[in-house]
Amino acid sequence: QVLLAESGGGLVQAGGSLTLTCAGSGFGFSNYEMSWYRQASGNERHQVASIHPSGRINFADFAKGRFSIFRGDNANTLSLRMDDLELGDTGVYYCNARDVFSNRLFWGQGTQVTVSS
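Residues numbered from 1 in each chain as written. Predicted model: local features only at pLDDT ≥ 70, side-chain atom pairs only at ≥ 80, totals over all residues. Heavy atoms only, no water.

S.K.: Any chance you could explain the side chain of His52 here in plain terms?
M.R.: Of note, His52 is situated in the loop between β5 (45–51) and β6 (57–59). The contact partners of His52, leaving out residues within four places of it in the chain, are Glu33, Arg71 and Val100. (Helix = DSSP H or I, 4+ residues; strand = E, 2+ residues; numbered from the N terminus. Contact = heavy atoms within 4.5 Å.)

S.K.: Could you clarify how one ought to interpret the nonpolar core in this entry?
M.R.: Side chains of nonpolar character tend, in soluble globular proteins, to be buried together. By size, the foremost hydrophobic cluster in this structure holds 26 residues, and its most contacted members are Met34, Trp36, Leu78, Leu80 and Met82. Breaking this core down by element, the ones donating at least two residues are β3 (18–25), β4 (32–39), β5, β7 (67–72), β8 (77–82), β9 (91–99) and β11 (111–116). What Leu78 contacts, discounting residues up to four positions off in sequence, is Leu20, Thr21, Cys22, Phe29, Met34, Ser35, Trp36, Ile51, Ile69, Phe70, Arg71 and Cys95. (Core = buried A, V, L, I, M, F, W, Y, C linked by side-chain atoms within 4.5 Å. Buried < 20%, exposed > 50% of the residue type's maximum accessible area, 1.4 Å probe, protein only.)

S.K.: Help me out: how do you make sense of the pattern of salt bridges in this one?
M.R.: Note on pairing: side chains with opposite charge can pair once their charged atoms come close. Inspection of every chain in the model, using the stated rule, returns eight salt bridges. For Arg56, the salt bridge identified is with Glu33, shortest N-O distance 3.8 Å. Note that Arg56 is positioned in the loop between β5 and β6 and Glu33 in strand β4, a separation of 23 residues in sequence. For Arg56, a relative accessible area of 45% gives the class partly exposed. A salt bridge links Arg98 to Glu33; its shortest N-O distance comes to 3.2 Å. Here Arg98, found in strand β9, pairs with Glu33, found in strand β4; they are 65 residues apart in sequence, far enough to count as distant. Overall, Glu33 belongs to the buried group, its relative accessible area being 11%. Where salt bridges share partners, they join Arg38, Arg66, Glu86 and Asp89 into one cluster. (Salt bridge = Lys/Arg side-chain N within 4 Å of Asp/Glu carboxyl O.)

Okay, structure coming up:
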């Protein structure tokens, strides 16, 4: 059974930091491009950052310079370090896994991040 379990969300003041973690199981983690997406209330889901098995990293423009993404293939984990958080960063953050060969996708259930003023 495939499982992507996010953790680390919560309430933080603007300017603060959070680290989200995604633990994967039930699939070949090292063959998957891992990503974080977020969805604000009433809005579409947008990609925040991705990290390919090769190590190639991409960030959305709003995340550049503030967020960092890490993967640990030995432990099947994905992390997102978020610094200098802004009110607009509020939303549900989802872990996503994409098989680089078949494009098969898996999603986690999401973790809520709320940034307060």
